[in-house]
Amino acid sequence: MPKALTILQKVLVNYFYKVNAGLFAFAFFVLFGLPYSPLAFHYSLITGIVQSPAFLAIVMLIWLLYNLKCGDYIIKQLQHPEQSFLFCVNALPGRKLYWYNVYVQVFVYLPVLFYSVAVVVIALKKYEYVCAALVILFNAIIVFATPALYMLALQQKKFSTGRSVFPSFRLAIRKPYFLFPLYFLLGERKQMVLVTKVFSLLFL
Amino acid sequence: MLQFDHVQKNYGSFLAVDIPFLKIEEGVWWLQGENGSGKTTFLKMIAGLHPFTGSIMLQGKLNIKKQRRQFVQLVNYAEAEPLYPSFLTAKDLVELYCETKGGDILVAQQLLQQLHVYDAYNNPIGSYSSGMIKKVSLVLAFIGHPKVILLDEPLITIDTAAVDTICRIINDSYKNGISFIISSHQAVQSEQLVFTGKLRAKNRSIYKND
């Protein structure tokens, strides 16, 4: 295995699962820790996804949110000063680097890919070819398009270029100490707050 | 060697560096300036670590924005205060840099031996002292076939013996055609390093101080 790929795996993928171990344990408990047969539950759930376009759309939205979480994590990691040494991988041929990033994306997106395989297999068994094609297309776009963002982050490029033409409306008000955590969440963890709130809403 | 044309770097709406035009010839250049004068930003722009407007050309033909890969292969950079994930080893880093920059692992290992950090080659970076991490980062900057090496405060943190070794490695590399831009607040003795000239970071720009 090439060293660059091993390092990307160690720094980005392994660490992603380590950091999100709690989330995965929770998701596993919700999806598989049921009092009745998990297989029967998931078979009926996937049958519902396959046969209802609205249900399929909701599931795709959840997958998209999960991918947003993955992408946000990877990009933040690549922009973190501790990972700035990874800039040296830009000396690799662009195509090779792209496929390395696809590898990273596949591994962080693996839980969705596993479930998608089950959805596609059941969709094909039930002759729901459109659903199967949509699931394959959706995941293919995510797996092959998201690494382009990782490439930008690796190259330390700006995601939005140019100077802001809008004036700053920051008010010079004194922030109360007890609101510091809220300011931190809204300033530094916007995406995490959004994903958490949407997930909570969907679970409810 | 390096040519800067209308290079500007903004942090939000704050203009940090503005270089209308600057040409740096081959040699060993000493970059001086006060804290916050833009030295590190300047080096990071050349290394490709900071986005900017304008153009930076290497050897008159490689534009960092258009020929990024070739540019990155020819320009190496060592940070003033390097950081690495604590679970990686010096071996991991050397092998990564050799694979991406096309360097020789044996040469890198010899440099680590000269700086007395080879004994910890297989140990995680988390077990290194800050001086050892600095030495590893300096060795990484010499890996491959660079034309320019950018060293941000290379002489801080390391012991005096290592300072002499680094200066000798820089002198040897310069004889082999590698140019350097070295930022340093410390006075360097003329018998250690002979500078081609000085660059001064002042008034948000970089000037040649011949």
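To keep things clear, this report deals only with the structure shown in the data block. Everything numeric in this text was worked out from a predicted model, so none of it was measured.

## A word on the overall build of chain A
Line of reasoning, step 1. Each helix and strand in chain A was counted, giving nine helices and zero strands.
Line of reasoning, step 2. Listed N to C, the secondary structure of chain A is α-α-α-α-α-α-α-α-α in terms of helices and strands.
Line of reasoning, step 3. Its C-alpha atoms give chain A principal-axis dimensions of roughly 55 × 50 × 35 Å.
Line of reasoning, step 4. Residue pairs in contact within chain A that sit at least 24 positions apart in sequence constitute 77% of those at least 6 positions apart.

## Some details on the overall build of chain B
Line of reasoning, step 1. Helices and strands together make up the secondary structure of chain B, namely six helices and 10 strands.
Line of reasoning, step 2. The C-alpha radius of gyration of chain B comes to 17 Å, within 12% of the 17 Å expected for a compact globule of 210 residues.
Line of reasoning, step 3. The principal-axis extent of the C-alpha atoms belonging to chain B is close to 45 × 35 × 35 Å.
Line of reasoning, step 4. Here chain B holds 210 residues, and the buried ones make up 41% of them.
Line of reasoning, step 5. Restricting the contact set of chain B to residue pairs at least 6 apart, pairs at least 24 apart contribute 71%.

## Re the interface of chain A and chain B
Line of reasoning, step 1. Taken together, the contacts link 22 residues of chain A with 21 residues of chain B.
Line of reasoning, step 2. The element contributing the most residues to the side of chain A that touches chain B is helix H1 (residues 3–19) of chain A, with four residues.
Line of reasoning, step 3. Grouping the constituent residues of the side of chain A that touches chain B by class yields 11 nonpolar, six polar and five charged.

## Details of the sheet that holds strand E1 (residues 2–11) of chain B
Residues and elements named next belong to chain B.
Line of reasoning, step 1. The strand order E2-E1-E4-E5 describes an open sheet built from four strands, whose pairing is antiparallel. Of all strands in the sheet, those with a lone pairing partner are strand E2 (14–24) and strand E5 (62–63), marking the two edges.
Line of reasoning, step 2. Alignment of strand E4 (residues 53–58) against E5, held across two bridges, turns out to be antiparallel. The partner of Met57 across the bridge, within E5, is Asn63.
Line of reasoning, step 3. Each of E1, E2 and E4 is contacted by helix H1 (residues 39–47), which is oriented at about 115° to E1, the strand it contacts most.

## Overview of the sheet that holds strand E3 (residues 28–33) of chain B
Residue and element names in this part refer to chain B.
Line of reasoning, step 1. Strand order in the open sheet formed by six strands is E6-E7-E8-E3-E9-E10, and the pairing between neighbours is mixed. For this open sheet the edge positions go to strand E6 (75–78) and strand E10 (205–208), each flanked by a neighbour on one side alone. Neighbour-to-neighbour, the strand axes of the sheet open up by a mean angle of 20°, direction not taken into account.
Line of reasoning, step 2. Its contacts with the sheet put H1 on E3, E6, strand E7 (148–152), strand E8 (179–183), strand E9 (197–202) and E10, and the angle it makes with E7 is roughly 150°.
Line of reasoning, step 3. The sheet contacts of helix H5 (residues 130–141) involve E6 and E7, and relative to E6 the element is tilted by about 175°.

## Some details on the nonpolar core
Line of reasoning, step 1. Counting residues in hydrophobic clusters, the biggest one holds 97 residues, and the most contacted among them are Val119 of chain A together with Ile46, Val75, Leu93, Val139 and Leu150 of chain B.
Line of reasoning, step 2. Once residues within four sequence positions are removed from consideration, Val139 of chain B is found in contact with Ala108, Leu111, Leu112 and Leu115 of chain B.

## Examining the pairing of E3 of chain B
On any regular strand, side chains alternate: one points to one face of the sheet, the next to the other face.
All names here are of chain B.
Line of reasoning, step 1. The pairing of E3 with E8 spans four bridges and is classified as parallel. Paired with Trp30 across the bridge in E8 is Ile182.
Line of reasoning, step 2. As paired strands, E3 and E9 are joined by five bridges and run parallel to one another. Following the sheet pairing, Leu31 is matched in E9 by Leu199.

Conventions we followed
Residues numbered from 1 in each chain as written. Chains lettered and ligands numbered in written order. Predicted model: local features only at pLDDT ≥ 70, side-chain atom pairs only at ≥ 80, totals over all residues. Helix = DSSP H or I, 4+ residues; strand = E, 2+ residues; numbered from the N terminus. Contact = placed C-beta atoms within 7 Å. Rg over C-alpha atoms; globule rule 2.2 N^0.38 Å. Buried ≥ 20, exposed ≤ 12 C-beta atoms within 10 Å, placed from the backbone. Nonpolar A, V, L, I, M, F, W, Y, C, P; charged D, E, K, R; others polar. Pairing = 2+ DSSP bridges. Axes fitted to C-alpha atoms, helices over the stretch in contact; angles between N-to-C directions. Core = buried A, V, L, I, M, F, W, Y, C linked by C-beta atoms within 7 Å.

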